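Structural features, examined
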Amino acid sequence: MAATPVMAQRPVDLPPLHHLVNVKPSKAVNVPEDFPLNHRGEITCETCHGIEDIEDIPFEEVDKRAPDFLRQGPYAKTTAFCYRCHAEKTYRRQNIHDLLDARGEYDEKACEYCHQQAPDPGKDHTREQLKLRLPPETICLGCHLKTPHLNALDHLVKPDEKMRRRMQASERRLGIILPLDTRGRIMCVTCHAPHERGLIDESKPAGKQVADGDVKEGVVYEDHPWDAVYRADKQARLKKLPGGAAPVALYYRRLRSEVLLRLSARDGALCLACHAFER
Ligand code: HEC
Ligand code: HEC
Ligand code: HEC
Ligand code: HEC
Ligand code: HEC
Ligand code: HEC
């Protein structure tokens, strides 16, 4: 998640909450040589956007999916683009899920963001013994939105009896946990493991989680090679509808690597732990 960009100070027409323009970079900022500045040495639209005359295009018509929408993109994360100019060290929020050092050891202070005291990963605990600073259903929300992604909010509900039974069967069969809150509702940590993989031994159900991603890198999406075809096809069909093309963006994205999930969503295993989809 990007830091909140500041509003433009000058009377230029910019989307809301947009990065400022027409400033000369200070020493703190390191603009790559091939990012063009204007004749006064200031950053302009073209410094960041590879789309010609972007300032003359109505905002909603700008193709945000064009690879060069952010210069030399696409970037897996907006923050990766920010770090092209800003020093990563000073801008990065501390990733509190990145708990283990190179030797696999941790600093108990890091646990105390969420636990009053670091629980011993080798022992079994009741939820009370974990001494979470906030109830587990709200502990993620100070730093993450309640709507971090599509469908998250729809899921924070109480599964019906039939689904509960399916979840319990999945827990036994796959040796995982799908914990619910005290009122029996799904919460963030039903699907997400809160800790870096390896903190809790993988032989324990609470320690089972997806293995392919790097917690420092986060979730990585990739543009599917079919994306362009998919969009062109949809766009062509939409144009045929009465009223012409709707101004909707249609993407076909897929997950390349996953982190902090109890099961993989990429292969559907996570979804199938609760849902029985028609085939
Ligand atoms: C310092 C870099 C930078 C400069 C300079 C800059 N932009 Fe942007 N702009 C961004 C980033 C980053 C985003 C994407 C924000 C996001 O996706 O959350 C963006 C988004 C946009 C969008 C899409 C907004 C939306 O949400 O639909 C438009 C349109 C845009 N910029 C136009 C401009 C124009 C016009 C100028 C010059 C007046 C300009 N930008 C200057 C970095 C910049
Ligand atoms: C092309 C280089 C460039 C990129 C890319 C860029 N910035 Fe900046 N940013 C600047 C410049 C130049 C300033 C003016 C302040 C300065 O020069 O120290 C600035 C200022 C800021 C400020 C004002 C606070 C301050 O340090 O003075 C914030 C906040 C900020 N940028 C956030 C972002 C974020 C978030 C992104 C990514 C979405 C981003 N920037 C991408 C060049 C860039
Ligand atoms: C981002 C918040 C967060 C941080 C940081 C965190 N934990 Fe946790 N931890 C949780 C939550 C939430 C649960 C409870 C999940 C549940 O209800 O099953 C938990 C559960 C546990 C459990 C019990 C697992 C089980 O058997 O069910 C242990 C042990 C544990 N944490 C140890 C640690 C240690 C050690 C650290 C520091 C290295 C740490 N945690 C850092 C949020 C965190
Ligand atoms: C039903 C399962 C489920 C629930 C509940 C859920 N998530 Fe997720 N979350 C996922 C999956 C799957 C992904 C992988 C990326 C995707 O498919 O969007 C993900 C991705 C994320 C990401 C990374 C998004 C990105 O694009 O970088 C964050 C942050 C996140 N979740 C936080 C939360 C928080 C906070 C909550 C609780 C409010 C929550 N999730 C609830 C399944 C869930
Ligand atoms: C103290 C703040 C904080 C708390 C509390 C917190 N997170 Fe995070 N989380 C972060 C930061 C920082 C990152 C690194 C990526 C970023 O900057 O957004 C991150 C990354 C993630 C990611 C990977 C997303 C990605 O693409 O990098 C997931 C998933 C996630 N958190 C889920 C959770 C869940 C579930 C909880 C509750 C148990 C939680 N977080 C609590 C700060 C927090
Ligand atoms: C922990 C259990 C659980 C997991 C894991 C889970 N779901 Fe769900 N899902 C639910 C519950 C409960 C509901 C709400 C009740 C219902 O519609 O059956 C729901 C609802 C939905 C809905 C309907 C939402 C709406 O708008 O009405 C969709 C679509 C869905 N899930 C897809 C998925 C996908 C895709 C995954 C995997 C990435 C997934 N679910 C993972 C429990 C889960």
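Our structure is the block above this text.
Residue positions within a chain follow its written sequence, with the count starting from 1. Numbering of ligands from 1 and lettering of chains from A proceed in the order in which they are written. Side-chain atom pairs in this predicted model are given and counted only at pLDDT of 80 or more, local residue features only at pLDDT of at least 70, and totals for whole chains, interfaces and linings cover all residues. The side-chain values count all of the structure's non-hydrogen atoms but skip hydrogen atoms and water molecules.

Quick look at the overall build of the chain
When you go through the chain residue by residue, the secondary structure sums to nine helices and two strands. Secondary structure elements of the chain occur, N-terminal to C-terminal, as α-α-α-α-α-α-α-β-α-β-α. Burial classes follow relative accessibility: with a 1.4 Å probe on protein chains only, a residue under 20% of its type's maximum area counts as buried, one over 50% as exposed, and anything between as partly exposed. Within the chain, the fraction of its 279 residues that count as buried is 27%. The contacts in the chain between residues at least 6 apart in sequence include a share of 51% that link residues at least 24 apart. Here the Shrake-Rupley method, with its probe set to 1.4 Å, supplies the accessible areas, and only the displayed protein chains count as covering residues. Surface summary for the chain: the accessible area is close to 19,300 Å², and the carbon and sulfur share equals 55%. Each helix is a run of DSSP H or I of at least 4 residues and each strand a run of E of at least 2, with the numbering of both proceeding from the N terminus. The contact rule is simple, with two residues in contact once any of their heavy atoms fall within 4.5 Å.

A few points about the pattern of salt bridges
In the sections that follow, a salt bridge refers to a side-chain nitrogen of Lys or Arg positioned within 4 Å of a carboxyl oxygen of Asp or Glu. If you walk through the whole model with that rule in mind, you get eight salt bridges. Between K204 and D124 there is a salt bridge, with its nearest N and O atoms 2.6 Å apart. Of the two residues, K204 is situated in the loop between helix 7 (188-191) and strand 1 (220-223) and D124 in the loop between helix 4 (108-111) and helix 5 (152-155); the sequence distance between them amounts to 80 residues. On the basis of relative accessible area, K204 is assigned to the buried category, the value being 19%. The exposed category is assigned to D124, whose relative accessible area is 68%. Through salt bridges with shared partners, one network takes in D101, R103 and E105.

So, the coordination of the iron atom of ligand 2
As a rule, N, O and S atoms within 2.8 Å of a metal are its donors, except that Na, K and Ca use 3.2 Å; water is not among the atoms, so sites may look incomplete. Only H19 (NE2) and H86 (NE2) from the protein reach the iron atom of ligand 2 as donors, at distances of 2.0 Å. Metal-centred angles of 87 to 179° between the six donor atoms at the iron atom of ligand 2 mark the site as octahedral. On the criterion of sequence distance, the pair formed by H19 in the segment before helix 1 (45-48) and H86 in the loop between helix 2 (78-82) and helix 3 (88-91) is long-range, its members being 67 residues apart. Among the residues examined, H86 registers a relative accessible area of 18% and is labelled buried. A site with four donors is called tetrahedral when every donor-metal-donor angle falls between 85 and 135 degrees; four donors are called square planar, and six octahedral, when opposite donors sit more than 155 degrees apart and all other angles fall between 65 and 115; any other arrangement is irregular.

Focus on the site of ligand 1
Close to ligand 1 lie 17 residues; H18, C45, C48, H49 and K64 are nearest. Think of a polar contact as two N or O atoms within 3.5 Å of one another; within protein, one of them needs to be a possible hydrogen donor and the other a possible acceptor, and neighboring residues in sequence only count if both atoms come from side chains. In the model, a nitrogen atom of ligand 1 is placed 2.6 Å from a nitrogen or oxygen of the H18 side chain. At 2.8 Å from a nitrogen atom of ligand 1 is found a side-chain nitrogen or oxygen belonging to H49. Nonpolar residues are Ala, Val, Leu, Ile, Met, Phe, Trp, Tyr, Cys and Pro. Charged residues are Asp, Glu, Lys and Arg, and all others, Gly as well, are polar. Residues of the shell around ligand 1, tallied by class, amount to 11 nonpolar, four polar and two charged. It suffices for a single heavy atom of a residue to lie within 4 Å of a molecule or strand for the residue to be listed as near it.

Considering the packing of aromatic side chains
For this analysis, a ring pair means two rings from Phe, Tyr or Trp (six-membered ring only for Trp) whose centres lie within 6.5 Å, classed as stacked if their planes differ by under 30 degrees, edge-to-face if by over 60, and tilted for the remaining angles. Taken as a whole and assessed by the stated rule, the structure comprises two aromatic pairs. Between F35 and F81 the ring centres are 6.3 Å apart and the planes differ by 25°, which places this aromatic pair in the stacked class. Of the two residues, F35 is situated in the segment before helix 1 and F81 in helix 2; the sequence distance between them amounts to 46 residues. With respect to burial, F35 and F81 carry one shared label: buried.

Some thoughts on unusual backbone geometry
Residue P74 follows G73 across a cis peptide bond; omega there is 0°. With respect to the element layout, P74 can be found in the loop between helix 1 and helix 2. The residue D53 is not glycine, and still its phi comes out positive at about 50°. Tracing the backbone shows D53 in the loop between helix 1 and helix 2. Overall, the relative accessible area of 40% leaves D53 in the partly exposed class. Phi at Q72 takes a positive value of approximately 65°, unusual for a residue other than glycine. Summarising the element assignment, Q72 is placed in the loop between helix 1 and helix 2.

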